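Structure at a glance
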Amino acid sequence: MKYKSSTIKSKWLKTQWLLKDPYIQKYVPHTLPFNQRNLISMLDDYTSVFFKPTNGSGGKNIIRIRKTASGYQSQLKTSKTSYSTSTQLYRDLNRFAGSRPYLLQKGIRLARSNGKPFDIRVMVQKTKQGAWVSTALFSKVGSPNKVATNYNQGGTIKTFGKTMKGTDFSSTFAPSLELELKRLGVAVGESFDRHYKGFHELGLDVAVDSKGRAWILEVNTRPQIYPLKALNDKSLYHKILSYGKHYGRFK
Ligand SMILES: Nc1ncnc2c1ncn2[C@@H]1O[C@H](COP(=O)(O)OP(=O)(O)O)[C@@H](O)[C@H]1O
Ligand SMILES: [Mg+2]
């Protein structure tokens, strides 16, 4: 059987879907299309703003912008550039974007596990009977001097439990966060079904901020799971494959 699950690339379209649901809405960081006016207004409101390609993936071409004492600083991978005015910053970002559409998103200060920033992948899959199930949670632990935690950007895959043990959160927080994220995953699956046909699986990228609040950074419609093979415990990988068999996911 061939893999069948719908794909939607546009982060902007998917964000609009998330915002339509009052329960999910609270989890979505403020997001606007990139233009000069929106850049200035986001930088007025937040100390850090993410500049992301609307149709991007794999953490590629993502720039973090931060306000500094003397203006602004952008960071692409590990390379930093300073600007004294928002006009200079805008010009450079605009040149970098070229003809690709870009989004601006409120920067979330990622919680840290053993000193490293991480975010969480919530894997949501539909059963043959059509019910959404959050089948796996795992984390992507990034490097403190990069802006994206993606596996392709040097991030490391860790189990949810191990990651949470490395944080400052109390030990009762992990099980409650797990329930919250699994419930959120199911809600996102149900909401996506109201907008488009044919989804069988989704992968939510969820940031947890230093206060323990969860934020949906994006929803992947073709979530990769091969990085999970790097874990000693292959049970999550096999669980995902067993749920994926009926829609043609074999790796
Ligand atoms: N608003 C944000 N605040 C903090 N970190 C972010 C934000 N947006 C993205 N990131 C970081 O960049 C990574 C990649 O961003 P994401 O939106 O998932 O795009 P991609 O499709 O490239 O994976 C995230 O996993 C996270 O580490
Ligand atoms: Mg992502």
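Residues numbered from 1 in each chain as written. Chains lettered and ligands numbered in written order. Predicted model: local features only at pLDDT ≥ 70, side-chain atom pairs only at ≥ 80, totals over all residues.

1. Structural notes on the overall build of the protein
We count it as follows: In this text, helices come from DSSP runs of H or I with a minimum length of four residues, and strands from runs of E with a minimum of two, each type numbered from the N-terminal end. Any two residues are considered in contact once their C-beta atoms, placed from the backbone, lie within 7 Å.
If you tally the helices and strands in the protein, you get seven helices and twelve strands. Each principal axis of the C-alpha distribution contributes one length, and for the protein these read about 55 × 40 × 30 Å. Nonlocal contacts in the protein, meaning residues at least 24 apart in sequence, comprise 60% of its contacts between residues at least 6 apart.

2. A look at the pairing of strand S6 (residues 102-106)
Using the following cut-off: The burial criterion counts other C-beta atoms lying within 10 Å of a residue's C-beta, which is placed from the backbone; the residue is buried at 20 or more, exposed at 12 or fewer, and partly exposed between these limits. A pair of strands counts as paired when DSSP detects no fewer than two bridges linking them.
Of all five residues in S6, four are buried; the element is thus mostly enclosed. Pairing of strand S1 (residues 31-33) with S6, which is carried by three bridges, proceeds in the antiparallel orientation. Note on S6: the bridge partner recorded for Thr31 is Gln105. Bridge count for strand S2 (residues 48-53) against S6 is five bridges, and the pairing is antiparallel. Pairing of Phe50 across the sheet is with Gln105, part of S6.

3. Some points on helix H4 (residues 86-97)
Condition: In a helix, the anticipated span is given by 1.5 Å times the number of residues less one.
With twelve residues, H4 should reach 16 Å at 1.5 Å per residue; the first-to-last C-alpha distance of 16 Å fits that figure. Backbone geometry just after H4 places Gly98 at a positive phi near 60°.

4. Quick notes on the site of ligand 1
Inclusion rule: We count a residue as near a molecule or strand when its backbone-placed C-beta atom lies within 6 Å of that partner. Charged residues are taken to be Asp, Glu, Lys and Arg, nonpolar residues to be Ala, Val, Leu, Ile, Met, Phe, Trp, Tyr, Cys and Pro, and polar residues to be all remaining types, Gly included. Boundaries of every domain are those given by an automatic assignment or by a domain database.
Close to ligand 1 lie 23 residues; Phe50, Ile108, Ala148, Thr149 and Glu218 are nearest. Listing elements by their share of the shell around ligand 1, those giving two or more residues are S2, S6, strand S11 (201-208) and strand S12 (214-220). Split into classes, the residues belonging to the shell around ligand 1 amount to eight nonpolar, nine polar and six charged. For the shell around ligand 1, the domains that each give at least three residues are domain 1 (11-29 + 110-247) and domain 2 (31-106).

5. A closer look at the domain arrangement of the protein
The figure often quoted for interface size is the accessible area lost as the parts come together. According to the domain assignment, the protein consists of domain 1 (11-29 + 110-247) and domain 2 (31-106). Contacts between the two partners involve twelve residues from domain 1 and, on the opposite side, 14 residues from domain 2. Here the residues of the side of domain 1 that touches domain 2 sort into five nonpolar, five polar and two charged.

6. What about the UniProt feature "domain: ATP-grasp" (unreviewed entry) in the protein?
Going by this rule: UniProt positions are given in the numbering used here, feature names are shortened, and annotations may be inferred rather than shown by experiment.
UniProt records the feature "domain: ATP-grasp" (unreviewed entry) at residues 21-245, using the numbering of this structure. Regarding residues 21-245, the helix share stands at 28% and the strand share at 32%, and the terminal C-alpha atoms are separated by 30 Å.

7. Some words on the sheet that holds strand S4 (residues 71-76)
Sheets are built from strands that pair by backbone hydrogen bonding, the pairs being arranged parallel or antiparallel. Just so we agree on the cut-off: Helix axes are fitted only over the stretch in contact, all axes being lines through C-alpha atoms; the angle between N-to-C directions runs from 0 to 180 degrees.
Strands sit in the order S1-S6-S2-S3-S4-S5 across an open sheet of six strands; the sheet is antiparallel. Only two strands of the sheet have a single partner each, and these edge strands are S1 and strand S5 (79-83). For this sheet, the mean angle separating the axes of adjacent strands, direction not counted, is 25°.

8. Things to note about the environment of Thr81
Along the polypeptide, Thr81 turns up in strand S5. Between the alpha carbons of Thr81 and Asp92 there is a distance of 9.9 Å; along the sequence they are eleven residues apart. Leave out the neighbours within four places in its chain, and Thr81 touches Gln73 and Ser74.

9. Examining the nonpolar core
Most often, soluble globular proteins have nonpolar side chains that are buried together. This is how the line gets drawn: We define a nonpolar core as a collection of buried residues of the types Ala, Val, Leu, Ile, Met, Phe, Trp, Tyr and Cys that are connected via C-beta atoms lying within 7 Å of each other.
Core analysis: the largest hydrophobic core is formed by 33 residues, its most contacted members being Val122, Val188, Leu204 and Val206. Counting only elements with at least two residues in this core, the list comes to strand S8 (116-126), strand S9 (132-141), helix H5 (160-165), helix H6 (173-193), S11 and S12. Of all hydrophobic cores here, the second largest spans 16 residues; its members include Val49, Phe50, Ile62 and Tyr72.

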